[in-house]
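Observations on the three-dimensional arrangement
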Amino acid sequence: MHDTFLRQLTPSQKKAVLHVEGPLLVLAGPGSGKTRVIIYRIAALIDSGIQPYNICAITFTNRAADEMRQRAAALGASGGAHISTFHSLCVRILRRYAAQAKVQSNFSVYDDSDQKRCMKQAIKDCELDSSNFPPGRMLDAISSLKNQLIDADTFKAGVADFFSKILAEIYVRYQKLLSERNGLDFDDLLMKTAFLLRDSGDVCGELGERFKFLLIDEYQDTNHAQYTIARLLVSRHNNICATGDPDQSIYRWRGADVRNILAFENDWPDAKVVRLEENFRSAAAILEKADNLIAYNQKRKEKKLIPTKPYGKDVLVESFEDEVAEARAVAQQVKELSDKGASLSDIAVFYRVNAMSRGLEEAFIRHKIPYQVVRGIEFYRRKEIRDLLAYLKVLVNPDDEIALLRIINTPARGIGKITIDRVHSYAGRCNISVFEGLKKVEHIEALSKGAKAKLSAFADMLDEFKKDIDGPRFHGDRLVPAKAGIAPLAQRVFDESGLAESLRSEGADGQNALENVNELINSITAYDQQAEEPSLLDYIQQISLFSDVDGYDTSSERVALMTLHAAKGLEFENVFIVGVEHGLLPHERSTAGENDDELEEERRLLFVGMTRAKTGLYLSYARYRTIRGQMLRTIPSQFLFESGCDFAESASSCHSRESGNLYHDDNGNDNRSVPYFTVGQLVRHDSFGLGRVKEFIDMGEDSVVIIKFNTGRTKSLMVKYAGLSKMDGL
DNA sequence: CATAGCCGCCTTTTT
DNA sequence: GGCGGCTATG
């Protein structure tokens, strides 16, 4: 290891980097240089004679994996180390050990819309009504079962109550549909891999040999299935290095179990623990507020954020009339920062829900500020992209009925619903896939002559794509990579399927779509050049895992707009967080539960957002916000008070500015209609019971009081609606 | 069989 | 408010 590298590290960082054998837990606060530590650690391992081939680093997103690969390459430590997400790794493992895992190697990876379609079908097949059993809810329930590694048969065997029995039926049926279509959903990738490693000692041993060193980043957000995979992978050598921060756990709703990181030392009793508590990113003022906020979480190990930078600018909290004014103000402030020389690529705006990007985009457009919404799925969700990918999917996996039905009449080629139904039901009767049905149209009596011809022409076209291309072909159960790469094939399919033509005839929209397809083909070209073993199969299986932050281009001179969740792992000079309002952050859906777990996760979410900022942090809320077409009065988030940000003043000044001193006349006399509360006041609420006032925000009639109730819950309430009675102190 | 228009459903966060 | 699915019409 070069001294020049090591000299850049603190003593704790050095300990983590130079630790070689055995389990290591790196508890790394925000901005502690964790990513750098991981990369240097990979370099140090290689330096100490370990083959890059034997190193596997797991990141949370594909974007993070890309970045890590690049930075490792810059250190000269890239060659051969496997760096990817859990899901990507599982795809490769399942493909390689398909037989042992009891899957077919050319499986389709089903994304959420495919899943939904399958689920609807499953509910229908069970002769249930999807309004009583909403597909989304059922998928959530099944997803969490899979994350717990409970498969359909096991679940079915163990259920007693009415609802669970039905869920079990649906689960079984859903899995059957997936397997008929040779599809795996995201959770299957993890579950099947965990089962494979658990049940096949040989495979587990082989992979343990291959990955002698396992590094897992964002360990606080691993779920039980991922945890099991990790445990099994390192069971022979225990060379596991987990890095993470319990305070940044924000994916509980997706099955992430923060106990994985909390129990690391129990799981690996000889673990060495390194704490990285110094923060090299943010000004002390920002850390102080973030620290204040996170300290409100009860279920938490005490931890300090140690600043290394000067105090800097105070965190700015502003309130606005509505979301339009808020967005305009953000745009204006961005403009000012930019005029002072700030780089747009170093500015970000975070919000709680994707729907909030719209208003911000409009403001940025009006102010002519370049921006990018970091939400890569958008691209792969586009119709034209999905259409072309569906063709490629069918070429890889003919049993992928969803993809096949998508393209059978796209572009329109005169194959209507009735024709499709006839083929579909014929295939069902003969117990063959729809694709096989296409080959036997002559046997389907119900079809007209014209329909038969059209179906045959379609099937021939697919065959032609398959045959004429230079691979990929199945040799046994292995797909041989296309010699010429995937891009030319994609181009050919696009041209000859009629997709290109139909877009060209559509005018402006079609033009746009054509450009998108070009972009897709460019990205396939890039894939062809950099993939380890490019094949259509690999491409199609990996592409389904790409999403969200993955498409984020850090180098372009544009302001980044993203959700707080997507902000994880990033940093910016200036950060705006909008909509810091009760009901939005914390989100209303997370304040309904019986305990504070979800509220605490919302608090961590804001904590993550705040700690992305290096020098400037701007929090804001709107007094009115239009939600689902309805203009609603909002309440500032309790988190604003908890963070100790100075803002009550801005709230009331803003208020009096626009409403002309309704509540206080110029002499400061009080003509208010709602009572004052002082901190510490004991109060009673009709449904929440006794509690103590933690904060009071004077906004006249719209004053808000934050109360910690004896039940342990903290709520912020509008005084005028809350019906609080003051109790005498005890 | 294709298309346009309407109705009703969902709506947090995402690999 | 937005999308998917259904229906009525050409």
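Residues numbered from 1 in each chain as written. Chains lettered and ligands numbered in written order. Predicted model: local features only at pLDDT ≥ 70, side-chain atom pairs only at ≥ 80, totals over all residues. Heavy atoms only, no water.

1. Remarks on the pairing of strand E12 (residues 347-351)
- Buried residues dominate E12, accounting for five of its five residues.
- Here E12 pairs with strand E17 (residues 572-577) via four bridges, running parallel. Across the sheet, the residue bridging to Ile347 is Asn574, located in E17.
- Bridging between E12 and strand E16 (residues 559-563) involves four bridges; their strand directions are parallel. Of the residues in E16, the one forming a bridge with Val349 is Leu561. (Buried < 20%, exposed > 50% of the residue type's maximum accessible area, 1.4 Å probe, protein only. Helix = DSSP H or I, 4+ residues; strand = E, 2+ residues; numbered from the N terminus. Pairing = 2+ DSSP bridges.)

2. Focus on the state of the cysteines
- Considering all chains together, one arrives at zero disulfides under this definition.
- As a non-bridged cysteine, Cys90 has Cys56 as the owner of its nearest cysteine sulfur, 9.9 Å distant.
- Taking the relative accessible area as the measure of exposure, Cys90 reaches 0% and is therefore buried. (Disulfide = S-S within 2.5 Å.)

3. A short note on the layout of surface pockets
- Estimated volume of the second largest pocket: approximately 540 Å³.
- Only helix H6 (98-101), helix H9 (152-158), helix H10 (162-180), strand E5 (183-185) and helix H11 (186-199) provide two or more residues apiece to the lining of the second largest pocket. (1 Å grid on protein atoms, 1.4 Å probe; cavity = no way out; pocket = protein on both sides within 12 Å on 5 of 7 lines; lining within 4 Å. Points joined across faces, edges and corners; volume = space filled by probe spheres on them.)

4. What about the nonpolar core?
- By size, the foremost hydrophobic cluster in this structure holds 68 residues, and its most contacted members are Met119 and Leu189.
- In terms of residue count, H10 provides more of this core than any other element does, eight residues in total.
- Sequence-distant contacts of Leu189, that is, excluding residues within four places in its chain, are made with His87, Cys90, Val91, Leu94, Phe107, Val109, Leu184 and Leu545.
- Of all hydrophobic cores here, the second largest spans 56 residues; its members include Ile486, Phe494, Leu499 and Leu520. (Core = buried A, V, L, I, M, F, W, Y, C linked by side-chain atoms within 4.5 Å. Contact = heavy atoms within 4.5 Å.)

5. Let's talk about the pattern of salt bridges
- A complete count under the given rule lists 46 salt bridges for this structure.
- In this structure, Arg300 engages Asp247 in a salt bridge whose closest nitrogen and oxygen atoms are separated by 2.9 Å. Taken as a pair, Arg300 in the loop between helix H16 (284-294) and strand E10 (306-307) and Asp247 in the loop between strand E7 (240-244) and helix H14 (259-262) lie far apart in primary sequence, 53 residues in all.
- Given a relative accessible area of 6%, Asp247 falls into the buried group.
- Here the residues in one salt-bridge network are Lys34, Asp217, Glu218, Asp221 and Lys568, joined through shared partners. (Salt bridge = Lys/Arg side-chain N within 4 Å of Asp/Glu carboxyl O.)

6. Looking at the sheet that holds E7
- One open sheet accounts for six strands, arranged E3-E2-E6-E7-E1-E8; its pairing is parallel. With one partner strand each, in any of the chains shown, strand E3 (82-85) and strand E8 (272-276) form the two edges of the open sheet. This sheet shows a mean twist of 15° between the axes of neighbouring strands, independent of strand direction.
- With three bridges joining them, strand E6 (residues 213-216) and E7 adopt parallel strand pairing. Residue pairing in the sheet places Leu215 in a bridge with Cys241 of E7.
- Most of the contacts of helix H3 (residues 34-47) go to E6, to which it runs at about 175°, and overall it touches strand E1 (24-28), strand E2 (55-59), E3, E6, E7 and E8. (Axes fitted to C-alpha atoms, helices over the stretch in contact; angles between N-to-C directions.)

7. Let's talk about the environment of Asp114
- Its place among the elements puts Asp114 in helix H7 (residues 112-125).
- With 64 residues separating them in the primary sequence, Asp114 and Leu178 have C-alpha atoms 9.8 Å apart.

8. Thoughts on the pairing of E1
- Among the five residues that make up E1, five are buried, leaving the element largely enclosed by the rest of the structure.
- Residue alternation in E1 divides its side chains into two sets, Leu24, Val26 and Ala28 and Leu25 and Leu27, and both sets are buried.
- Both E1 and E8 contribute to a ladder of five bridges, which runs parallel. Directly across from Ala28, in E8, lies its bridge partner Leu276.
- Examined bridge by bridge, E1 and E7 share four bridges and lie parallel to one another. Of the residues in E7, the one forming a bridge with Leu24 is Cys241.

9. Some points on the packing of aromatic side chains
- Inspection of every chain in the model, using the stated rule, returns 10 aromatic pairs.
- Measuring from ring centre to ring centre gives 6.3 Å for Phe155 and Tyr171, while their planes differ by 50°; the resulting arrangement is tilted. In this pair, Phe155 sits in helix H9 while Tyr171 sits in helix H10, placing the two residues 16 residues apart along the sequence.
- Judged by relative accessible area, which is 0%, Tyr171 ranks as buried.
- Residues Phe364 and Tyr371 carry aromatic rings whose centres are separated by 6.0 Å and whose planes lie at 40° to one another, so their mutual orientation is tilted.
- Each member of the aromatic cluster is reached from another via a ring pair, and the members are Phe60, Tyr251 and Trp253.
- Here the basic side chain of Lys568 rests over the ring of Phe60, its NZ or CZ set 3.8 Å away from the ring centre.
- Just above the ring of Tyr624 sits the side chain of Arg633; from NZ or CZ to the centre is 5.2 Å. (Phe/Tyr/Trp six-rings, centres within 6.5 Å; stacked < 30°, edge-to-face > 60°. Lys NZ or Arg CZ within 6 Å of the ring centre and 35° of its normal.)

10. Regarding the side chain of Thr193
- With respect to the secondary-structure elements, Thr193 resides in helix H11.
- You can call Thr193 buried: its relative accessible area is 0%.
- Leaving out residues up to four positions away in the same chain, Thr193 has contacts with Cys90, Ile93, Leu94, Asp188 and Ile229.

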